[in-house]
Amino acid sequence: MLQAQSMAVCGIHCLNSISCLYFLFNTTTQSCHLLGYDNGNSTSLTLTSYLTWDIYTVAKCLDSGQYLSQFNKCIEVHMNAEKDWFEAQDFCHRDGGSLLTLNSLAEFDFFRDMFMSILQVPDYVSLGARRTGPATDDFSWVFGSNEGARVESAFWKPGKPDNSHGGEFCVGSRLVDEFYLNDITCSYYYGDFVCEYLLHQN
Ligand SMILES: [Ca+2]
């Protein structure tokens, strides 16, 4: 049993433990209990004593990827992948994730800074938003805490979305646009993508 000031910190304890697959967090007592395998035997629990606890999994983060506690998600960065938007989204979806979504200005700034430092011209990044209505600017996030919410106007490159080629139903970013979003043709082969995985509350 550990003390942790938040569910996210409890998750980090689990990530740092090779045998941890799930964790329980009690928001009232801020107690953290790691669950997993110990020498091949699953951790035994007296379940009734944990009825008021929430259970979370970080299994995906244990396999690979990085846990970002400030956004409460795991990410995997794929560079030079040569996948179009649907291929990249399918890839992430296989493990229960999605293309990266940006749910706050802080998160937009974080990934903008990250990509501005690692991308090389002419790299492109597919993002987890797509057209969901008939108007030129009807774009929504497809996953995450803001699933279904409209893409914030501050994230677009000035003058975008513009549907300039017609049929621009997907969303991506380019280094030359300083990571500000553009609506794009879904079959365009963007080189890079990021999968995100939530910490699922079971
Ligand atoms: Ca466009």
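From a predicted model like this one, the values you see are computed outputs, not experimental measurements. (Residues numbered from 1 in each chain as written. Predicted model: local features only at pLDDT ≥ 70, side-chain atom pairs only at ≥ 80, totals over all residues.)

What is the right way to read the overall build of the chain from this model?
When helices and strands are counted, the chain shows four helices and 15 strands. A burial count over the chain gives 35% of its 202 residues as buried. Looking at the chain alone, contacts between residues at least 24 apart form 61% of all its contacts between residues at least 6 apart. (Helix = DSSP H or I, 4+ residues; strand = E, 2+ residues; numbered from the N terminus. Buried ≥ 20, exposed ≤ 12 C-beta atoms within 10 Å, placed from the backbone. Contact = placed C-beta atoms within 7 Å.)

Before we go on, may I ask you to explain the confidence of the model for the chain in this structure?
The predicted coordinates should not be examined in detail at positions where pLDDT is low. Averaged over every residue, the pLDDT of the chain is 84; residues scoring 70 or more account for 87%. Within the chain, the lowest mean pLDDT, 48, falls on strand β4 (residues 41–42), and the highest, 97, falls on strand β11 (residues 139–141). (pLDDT = per-residue confidence, 0-100.)

Hey, could you run me through unusual backbone geometry in this one?
One can expect most non-glycine residues to show negative phi and most peptide bonds to be in trans. A cis geometry characterises the amide bond from Lys-160 onward to Pro-161, with omega recorded as -5°. By the secondary structure assignment, Pro-161 is in the loop between β11 and β12 (170–174). Positive phi is not limited to glycine here, since Asn-80 has a value of about 50°. The residue Asn-80 is located in the loop between β7 (73–78) and β8 (83–84) in this model. The phi torsion at Phe-179 lies on the positive side, around 75°, for a residue other than glycine. Within the secondary structure, Phe-179 is located in the loop between β12 and β13 (181–184).

How should the nonpolar core be read in this particular structure?
One finds Leu-99, Leu-127, Ala-129, Val-151, Val-171 and Phe-193 to be the most contacted residues of the largest nonpolar core, which totals 28 residues. Where this core is concerned, the elements lending two or more residues are α3 (85–93), β10 (124–131), β11, β12, β13 and β15 (192–198). If you tally residues by element for this core, the top one is β15, at four residues. One finds Met-7, Cys-20, Leu-24 and Cys-32 within the second-largest nonpolar core, a separate group that totals twelve residues. (Core = buried A, V, L, I, M, F, W, Y, C linked by C-beta atoms within 7 Å.)

What's the story with α3 in this structure? I'm lost.
Since the α-helix advances by 3.6 residues per turn, residues separated by three or four positions end up pointing in the same direction. Residues of α3 that are buried: Trp-85, Ala-88, Gln-89 and Cys-92. Buried residues in α3, looked at end-on, bunch into an arc of 100°, giving them a common side. At its buried positions, α3 is contacted by β8, β9 (98–99), β10, β12, β14 (189–190) and β15. (Arc of directions from axis to C-beta.)

Mind showing me how you'd approach the environment of Gly-133 here?
Mapping Gly-133 onto the fold places it in the loop between β10 and β11. The spatial distance from the C-alpha of Gly-133 to the C-alpha of Phe-169 is 9.7 Å, given a sequence separation of 36 residues.

Help me out: how do you make sense of the environment of Gly-191 in this one?
Examined against the element boundaries, Gly-191 turns out to sit in the loop between β14 and β15. By the C-beta count within 10 Å, which is 18 here, Gly-191 ends up partly exposed. For the pair Gly-191 and Val-125, spaced 66 residues apart in the sequence, the C-alpha separation amounts to 6.5 Å. Gly-191 has contacts with Asn-80, Ala-81, Glu-82, Asp-123 and Tyr-124, leaving out every residue within four places of it along the chain.

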